[in-house]
Amino acid sequence: MANTETIPVTAQGTAKKRKRLSYSIWFILPAFILYTAFVIYPTLNSVNLSFTSWDGVSDEIRYIGFDNFVEMFRSERVYNALKNTLILSLSLVVLENIAALILAILVDQVRWFKSLFRSIFYFPVLLSGIVMGFVWAIIFNFNFGVISQLLDRIGLSDWKIDWLGNPNYALLAIIITTVWKGSGYYMIIYLAGLQGIPPELNEAAAIDGANRWQRFRHITFPLLASAMTVSVMLSMIGALKIFDQIAVMTDGGPGFATETLTYIVYKVGFGELRQGYGTALSLMLFVLILIVSLIQIKLLRKREVQM
Amino acid sequence: MTMHTKTMALSVISVMALSLILSACGNNNAGTTANSNGASSNEPANKEVKFSIGATGDPATKQAMADAVAAFTKANPNIKINDLSEGGSMAYLDWLKTKEAVGEFPDLIEMRDTQLFAEAGKIAELPQEWLDLVADAPTLNDKHYTAPIVGAFPHGIIYSKKAYEDAGVSAEPKTYDEFLAIQEKLKTSGITPLTFGGKDIFHWGFWINKFFMDDMLADDPNWNAKRTKGEVSFTDAGPMQAMTDFTELFTKGYVEQGWASTADNQTASMLVTGKAAQLFSGPWMFAQISQADPSFEFGWYPVPDRKGRIIVNGTNNLQGWAISTAANEDADKQAAITEFVKFFFSKEQYTKFVQAVNGIPTTKETITYEASPQMNRVLEVMNDPNTIKSMQINAFWGEAQMPTQWRNWFYKLAQEWLTKGDFSADYMKKADAEWDANVKANAAAK
C-alpha cells in the first residue's frame, strides 16, 4: 500500500516535507556538532595558529604575520623533507599498486584455498603501523636482526647492511616495510575490480586467438581503470601522510635522512616547541595533498572505461 | 499536542538533560578546584584521591620507580596513582610535550626541562615539605621547582675485563691520548672497542657532552650565555676540537659499525656477548649489565681529557620531581602527592631506589647502601677533590640556558655528518645559526 501511495502537491504535502526535514536536522545535529568541534574547528584554528609563534606550552599566543611561511620556504630542512616525501610517495604508489595488482591476479586465478591466500595477503594490513615498525626494525637491526644473523651464519658478514642507520638505505627500508603492509589493502580493491569483469569478454578474446598477455593488456587492464583510480589515489594520500613507520624505525634519521613533511610537522611542533611553525608546515602538506589528489583524479579518470 | 511537537519537545529535553549532565560533570570538577584553591591541607585524607606520575629512565630506573609506586599505593589504598611513565623510544621532552598538548600533563613529573615548563607556568613552586627532604635543590629565579631524585650521574667507560686482558690493557688511562691508545689495542686484538646506542637520541648526549665539558663548559660555565649573546661560536677552537675528537671515535673505527641502529637498551647485550669491549654510559647501566649476565666481569672509569683532568657531569641541576600547577591548586591532590614524595625519600624506600639505580643520594638524611665495586669506583671519583664537576650543555639554566629544542637537533646534525663522513666547520656554523634561530623563536613565543 505504502508503495502505491502518492503525495499530492498541496499544503499538506509541503508540511510533510517540512516535518521530514526537521526530523533529519535532529538526526544530523549530534554528528554535526561533534564533527565541527573535533574536525572543522581545529582545522580552521590551525590556519589561525600558523600565523603565530606559539610554542605549544605557553598560554600566551603572539601573532607574527607571515614569518613562519617565509622561514618554511627558506628552510633546507623543509626542502629535504619535501624531497623525501615525494620519493617515498612515488615509490610507494608504484610499488604498492604493482604488488597489489599481481597479488590480486594471482588470488583471482588460484583454484584452491582462494580465501586462505586472500587472508594471508591481507593480514599485514590489520597490524598496527607501530607494531609493524618495531618488528621490521628488529628484522633490519644490524647487530641482532634476522637478515644480519642469516648473513653471519652463511659466512657473508661483509654483506651486512645497517639498513636503518645508513642514509642510502633507510628510506628503502621504510618503503619495503610499507609495501609489505599496504599491498594487501589495495589487492582487495583490484580483486573487486577483477571480479567485476564479465568472463565472457576474456572467453571471446581467447576464442579469437588472444594470448594471456594480450587479454590482460587489452581487456583486464583497461577495465581495472576505475579500481586503479581509487587505489592510486588512496595509496598516494597514505604515502603523503606516512608517519608510524618513520617514528618507530628511524625517528627521521639518521640525521634528517628520512624526515618527511608529516614527520617534520610533528618534530617541529612537539619536539622543538614551535607549534605555530609546525601548523604552517601542516597547511603546506594539506595543500600538497589537495593538489596531488586533484591532478591524479583528472589524469586517471581519463582512462576509465565504462562497461 | 501533536506527534511532531511531542517529538520536538522530547528531543529538546533530551539535549538539555545531556547538557546538564555534562555541565554537572564540569561543575563538579571546577568546584573541587575552586574549593581547594590555595587551601593546602596537610592532613592525609582518607577519601579516595587520584593523581598521575610521569617519569623516564632506563629499564632499571623505570622498574625501581614502578616498585616505589606499588609500595606506596599498597600502604595508602585510598590514593590511586596513574603511572603514565614514558615507555617508548620517544625523546622524553617530546613525550612530555605531547602529554601536555593532549591534556594529560602528569601531576607529579620527573622534570628535566625545568626552565621551559616553569616559565610556561606548567609547574609550581615546591611545597616547603619537599624541600625539607633534600639536601640541595637549585633555584630558578630564586624559586624551587624541582627536588633532585638522584645526584647528577657521571659518565664513564664501562669495560669488559676479559677484553682488556686479551688486549693487554692493565691500567686505566691517565690522559685522553692514553685512552685512544687503549682503543687501538682493543681494535688490534680483534674486538670492536666501543658500542654506541645511537638509535636513541638521548644516548648521543653522553659522548657529545663529555667533549663539550672537556673543551668548553668546565672552563667556562658561562659559555652558553656567551653563545646566546654572540660572543662565542661553535666554530671556535674548543667546540671544534670537541666535535673533532667525537667524530674521530667513529672515523677511526673505534665505534661499532651498526651504531645508528643500536638502541641504548641493546648496549648491555653488546657488551656481555663480546660484540664490543666498552660502553660509555652512567652507573645506571651496572644493574642492566649484571642482569644480562651475572658472571660478566666489568669495570668503570672516567675518561680523562687531553690535559689529564677528570671532568664529569656532577653538578646538581634543575632536574627532579616537580608538581604541576594544576595539581598544586588541588589541595587533596597536593597532599596526596606530598605524601608520595615523603614516602619516596623515606630512608627505607629511598635506599632501595638508589641501590636499584646505582644512584647518588640527594636527601638530607644520610643514605648508605652496599655498593658494587663499579659503583664504589664512581663514588671514589665523585668524592675526589681533584675531580672537576661540570654540567651537560642542556642542563644550564637562567641566562646560560640552551634553547631547549637545539639539543636533539644538534644530535641529529652529528648523525648527519657521521653518516656522510664530512665533518667540517660548516656544520658548526649551522649549529650557531640554529641556536640563534631557536633563541629568536623562543623569545617570540614569550
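Residues numbered from 1 in each chain as written. Chains lettered and ligands numbered in written order. Predicted model: local features only at pLDDT ≥ 70, side-chain atom pairs only at ≥ 80, totals over all residues. Heavy atoms only, no water.

## Some points on the UniProt feature "domain: ABC transmembrane type-1" (unreviewed entry) in chain A
Then step 1. The UniProt feature table records "domain: ABC transmembrane type-1" (unreviewed entry) at residues 82-296 of chain A.
Then step 2. As annotated, residues 82-296 of chain A comprises 76% helix and 0% strand, and the C-alpha atoms at either end are separated by 19 Å. (UniProt positions renumbered as here; feature names shortened; annotations may be inferred. Helix = DSSP H or I, 4+ residues; strand = E, 2+ residues; numbered from the N terminus.)

## Here we look at the interface of chain B and chain A
Interface size is commonly expressed as the accessible surface area that is lost when the partners come together.
Then step 1. With 43 residues of chain B at the contact, the number on the chain A side is 40 residues.
Then step 2. For the chain B and chain A pair, buried surface summed over both sides reaches about 3600 Å², with 57% attributable to carbon and sulfur atoms.
Then step 3. Of all residues in chain B, Lys97(B), Lys412(B) and Ala445(B) bury the most surface against chain A, accounting for 17% of the area lost on that side.
Then step 4. At the junction of chain B and chain A, the tally comes to 0 salt bridges.
Then step 5. Summed over the shared surface of chain B and chain A, the number is 10 residue pairs in polar contact (both at pLDDT 80 or more).
Then step 6. Those elements giving two or more residues to the side of chain B that touches chain A turn out to be α1 (3-36), α3 (92-101), α4 (114-119), α11 (267-272), α17 (406-420) and α18 (425-445) of chain B.
Then step 7. For the side of chain B that touches chain A, the residue count by class is 18 nonpolar, 14 polar and 11 charged. (Contact = heavy atoms within 4.5 Å. Buried area = accessible area lost by both parts, 1.4 Å probe. Salt bridge = Lys/Arg side-chain N within 4 Å of Asp/Glu carboxyl O. Polar contact = N/O pair within 3.5 Å; in protein donor to acceptor, adjacent residues only side chain to side chain. Nonpolar A, V, L, I, M, F, W, Y, C, P; charged D, E, K, R; others polar.)

## Examining the packing of aromatic side chains
Then step 1. Across all of its chains, the model carries 60 aromatic pairs over all chains by this definition.
Then step 2. Measuring from centroid to centroid gives 5.6 Å for Trp136(A) and Trp180(A), while their planes differ by 65°, and the two rings are edge-to-face. Here Trp136(A) is found in helix α5 (residues 129-140), whereas its partner Trp180(A) is found in helix α7 (residues 170-195), with 44 residues between them in sequence.
Then step 3. Trp180(A) sits in the partly exposed class, given a relative accessible area of 38%.
Then step 4. Among the aromatic residues, ring-to-ring pairing joins Phe51(B), Phe72(B), Trp321(B), Phe340(B), Phe343(B), Phe344(B), Phe345(B), Tyr350(B) and Phe353(B) into one connected group.
Then step 5. Just above the ring of Phe211(B) sits the side chain of Lys210(B); from NZ or CZ to the centre is 5.7 Å. (Phe/Tyr/Trp six-rings, centres within 6.5 Å; stacked < 30°, edge-to-face > 60°. Buried < 20%, exposed > 50% of the residue type's maximum accessible area, 1.4 Å probe, protein only. Lys NZ or Arg CZ within 6 Å of the ring centre and 35° of its normal.)

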